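Letter by letter, the chains look like this.
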Amino acid sequence: MRHVTIAILSILLVLCSASPATAQTSDLSIEQIMQEAETWVGAWPSSPFWSEDGETLYFQWNPNGAFISDSLFAVSRTGGEPEQVSPEDRRALRTFFSGWAHGTHRYTADFSRKVFTDGGDLFVMDRTSGETERLTHTRSSVNNARFSPDGAHVLYRQGGQLYKMTLATGTIQQLTDLRSGRGDQEDTPSEKEAWLEQQQQDLFDVLRERAEEREAREEQRDRDQAADDPPPTFHYGHGNLQQLQIDPTERFVTFTRVEPGDRERTQVMDYVTDDGYAEPLNARPKVDVPAHGVALFVQDLQRDTTFQVDLHQIEGAYDVPPFLQEQGVEKDSTEAKRDLSVYGPQWSGDGAHAVVVLRAHDNKDRWIARLDAETGDLTVLDRQHDEAWIAGPGIGWGSGTSGWLPDNEHFYFQSEATGYSHLYTVHVASGEIRQLTEGDFEIFSPEISQDGSTWYFLSSEGSPFERHVYSMPIAGGERTRLTAEAGMRTFALHPDEDQLATRFSTITKPWEIYLKNTGGEDRERVTHSPTEEWLAYPWREGELMWFEASDGIEVPAQLFVPEEPNGAAVHFVHGAGYLQNVHKGWSNYFREFMFHNMLTDLGYTVINVDFRASAGYGRDFRTAIYRHMGGRDLQDYVDASQYLEAEHGIDPQRQFIYGGSYGGFITLMALFTEADHFGGGAALRSVTDWAHYNHGYTSNILNTPVQDSMAYVRSSPIYHAEGLEDPLLMTHGLVDTNVQPQDIFRLSQRLIELGKTDWELATYPLEPHGFQTPSGWTDQYRRIFKYIEDSVGPERRR
C-alpha cells in the first residue's frame, strides 16, 4: 500500500511540474503595457488647425519625447514631411483659422481681415498680406473682440466695460459704465450715521469746509462728464457681471448678473508632498448645490434706460417635474418657480434679431427664444423637454451647437426631438422649424462654409461604430460622404474648403493626421506614430457585435475570443457612463485594450459592452438609467454573462468583471446584487454612494437626495454591500478630487461592519482620478490580473 501511495504522489508531482510548460503564454507583459504610451506605443498627434492663409497645417505631436511646450509641428498643405516648429515661430503664431462662424464678426464681411486677442491684447490681421497690427498694449486684458458690421471699428470688452476703437484714427470710446452695488442706495447713511456726521460739521469748521469742497468737485465732475456725453451709469447689484456685449447696431447692451449660490466645497488630503507636510486639496461640492441666481439685463442706449428681462415669462417656467408629481408633491406658484439660466443673446449679423437659450437648473428643459430687446419680451421658438435630462451631441450645457445662418433670418441648433441629435433651423420671425438631418444616427461638430451654401459635419450615419465627414446644402437635402475608410475621425476644414485635415484612427491604429481633398479619397498620411516594437505584435481588433438583452433591445459589444479558450471570461466596464467604447477607432482605454489582448493570449474571452447609458446610440439608450443607476445598465452585463454562458459555454462563476469610475460602480453593483452571474471583480476609483458625488452629473440622472432619496438608495453600492460573496479588489488614488477617497473609505467601513472578508483595498498616494505614473498603473493591473487568475482563471481558488 505504501508503494502505491508513493507511485500516486510521483505521478502528481510529474503532472504538476509539467503544467507550467503547457500553460498558455503571451508576448505581452503588464509592465510593458503600462509604461509611458509615448515610449511603448508611440506619441500620436492631436489638435490639427490651419494657418489663416491655409498654406500650413499645424498640430500637436511629441514623437521625440520633447517638452509639451515644444510639441507643435507643421506641414505644407501640399503634404511632405512634418517639421517641428521652432520656439520663435511658435511664439509668433498669434492666430489660426478656426471656422467662419457667421454673424460673430470675428472677420470683416468680405473675410479679408480678422480681429483676435493674444496675451490679453488686441490685434488685427490682414488675411491677404498676412500682416498683423497690434492695437493695444496694456496690463488690463482685452477679450470678446469683434468688428462692427462695416469693418471700420473694433468693439471689445476690457475691465468689465465695453469699448469701441475707430481703426482709422485709433480713437477709443467707452460704451458702458456698469458698476457693482446699488449706487446711492448703498451710500445713504443710517439715521445715527447722518446725525453724527452733521454734529461733526456743526462743531468743526475744517470738516464742514472739506465737505463743501468735496461736494463742489463732484458736481463739477458730473457737469464735465455730461458735456462729454458719457455712457449711462448703471449699478447692477451684487454678483458677477457676465456675457457683456453690444448688438451690431450699437443700440442695445446686454449682460447677465450671476449671484453664486452657497456651495460648500469638499477637501481631499494630499499625504505625499514636496515639503513633507500633509496638504488639503480643495475639491467640488457634493450633489444638491443651490442654483446660481441669474438675471439678464438690457441697456437701451437710445432711450437711456436699463431693465431686467423676466425669464419666467416663458411656458414651463413653473412646471413641477413628473417625479415630484408622482410623490404627490404640491407647490404653489412661488415654490414651483424654477431656477433658470440664460445664455446669449446671439445677435443676427445685421442686428435685427436676438436669440437666447434658457435652461432649467434641473436640466429637464431647454428653451430657444427670440428676445425683443426693446420690450424684454421672450417668444419661445423651440422647447426641448425631457423627463430624464437634456443632453446629446451638440446639446450638452450652455448654448450648445447654435448660431445664425448667413441670411440673418434662420437660427440653427441641435435637438434630440426625434430621439437622436440632429440639426435644425428655425425662421426667427415666423417660428417655423425645419429638421435638416434625419435618421437613427447623430450629428457632430457642424460648421458652415464661407459662402454660406454648405454644411460640413461628422456623422454616425451608416454605423454607430464609425464617424465620417459629410457635406450638405445649407437648407438640408442630400448628404455627401467625404471620407471612406471605416474608423473614427475628427476634421479641420481648410479655409478654401477644397481640402480636409483629418485625425483618423482604427481599433489597432492610433490617431494619425491625414490630408485629403473634399472631393476625393485620403491623399496623404502625414504622421507615422507607432513604434516598431509596438507594431511587431499582431493586435486583435475583436469582433464588434450585438447581443439581445433581456428587454429585447440589441446591445453593442466588442468580443475577444481566444484560439484556445481556458473556460473563463473577463468583462470590462467603461467609465463616465455617457461614453462610447465599442467603435472602430482607437480607444480612450488603450491600456485596457492591450491588457485585453494579453488576456486573450492567455485563453480568456474578453467582452466590452456599451451598456445602457453609453453615448452614440440616441436618447432612449442614454436615459434608460434615469432614477436607477445599477439597473438597466447592470442588467446589460448580466445579459452579457448569460450570452457568454449560452454561446461560449462559460460558467458565470468563471466570469470576472472590472472597470474604473462608473465602471467601478457597476462592478460593485454586479458583485453586491447579481453575484450569481460573476465570480469576482475589481472596482477602480469607484463611486460607492451617489449622494457624495458631484451635482452636474448626478442630479441629471438621480435628481437630488432630498427630493428623490429612493433613487439614491437603489443606485448606491453602499446600501447593497451585504450581497458580496465573491472576491473583490478595490483600488483608489488618494489625490482623486473627482471620485474622492472618502467614497471608498466609507464602503470599506461598511464591509468591515458587515463582517465581509474576501476583499482588498489598494490605495495610491500620488494618483488622481486618472492614474498618471507607470508604476501606479503597473501595480494596479498586477493586482487585477492576480485577482482574475485566483478567482476565475485556470488556477483559481477552489
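Located above this text is the structure these notes cover.
This structure is a prediction, so every number in the text was calculated from the model and none was measured.

Draft legend 1. Spatial organisation of the side chain of glutamine 655. In this fold, glutamine 655 is placed in strand E40 (residues 655-660). Within polar-contact distance, the side chain of glutamine 655 engages the side chain of histidine 571 at 2.6 Å. Excluding residues within four positions of it along the chain, glutamine 655 makes contact with Ala569, His571, Ser641, Leu644, Glu645, Ile650, His677, Phe678, Gly679, Gly680 and Val792.

Draft legend 2. Broad picture of the packing of helix H11 (residues 590-601) against helix H18 (residues 774-791). Axis separation between H11 and H18 bottoms out at 13 Å; the angle between their running directions is 35 degrees. When you trace H11 past H18, the crossing you get is right-handed. In this structure, H11 uses Arg591, Glu592, Phe595, Met598 and Leu599 to contact H18, whose residues at the interface are Trp777, Tyr781, Ile784, Phe785 and Ile788. Broken down by class, the residue content of the contact of H11 with H18 amounts to eight nonpolar, no polar and two charged.

Draft legend 3. Highlighting the pairing of strand E18 (residues 293-300). Counting buried residues in E18 gives seven out of eight residues, a clear majority hidden from the surface. Pairing between strand E15 (residues 252-259) and E18: eight bridges, direction antiparallel. Across the sheet, phenylalanine 255 pairs through a bridge with phenylalanine 297, a residue of E18. Bridge analysis of E18 against strand E19 (residues 305-309) gives five bridges, and the strand direction is antiparallel. In the sheet register, phenylalanine 297 faces E19, and the bridge partner there is glutamine 308. Between the end of E18 and the start of E19, which pair antiparallel, lie four residues, with aspartate 304 showing a positive phi angle near 55 degrees.

Draft legend 4. Broad picture of the packing of aromatic side chains. Per the counting criterion, the structure on display carries 47 aromatic pairs. Here tryptophan 534 and tryptophan 539 contribute two aromatic rings whose centre-to-centre distance is 4.9 Å and whose plane-to-plane angle is 25 degrees, an arrangement assigned as stacked. Members of the aromatic cluster, each reached through a chain of ring pairs, are Trp40, Trp44, Trp534, Tyr537, Trp539, Phe560, Trp586, Phe590 and Phe593. Here the guanidinium or amino end of arginine 503 rests over the ring plane of tryptophan 511, the centre of that ring lying 4.3 Å away. Taking NZ or CZ as reference, arginine 622 lies 5.1 Å from the ring centre of tryptophan 389, over its face.

About the cut-offs
Residues numbered from 1 in each chain as written. Predicted model: local features only at pLDDT ≥ 70, side-chain atom pairs only at ≥ 80, totals over all residues. Heavy atoms only, no water. Helix = DSSP H or I, 4+ residues; strand = E, 2+ residues; numbered from the N terminus. Polar contact = N/O pair within 3.5 Å; in protein donor to acceptor, adjacent residues only side chain to side chain. Contact = heavy atoms within 4.5 Å. Axes fitted to C-alpha atoms, helices over the stretch in contact; angles between N-to-C directions. Left-handed = near helix turned anticlockwise from the far one by under 90°. Nonpolar A, V, L, I, M, F, W, Y, C, P; charged D, E, K, R; others polar. Buried < 20%, exposed > 50% of the residue type's maximum accessible area, 1.4 Å probe, protein only. Pairing = 2+ DSSP bridges. Phe/Tyr/Trp six-rings, centres within 6.5 Å; stacked < 30°, edge-to-face > 60°. Lys NZ or Arg CZ within 6 Å of the ring centre and 35° of its normal.

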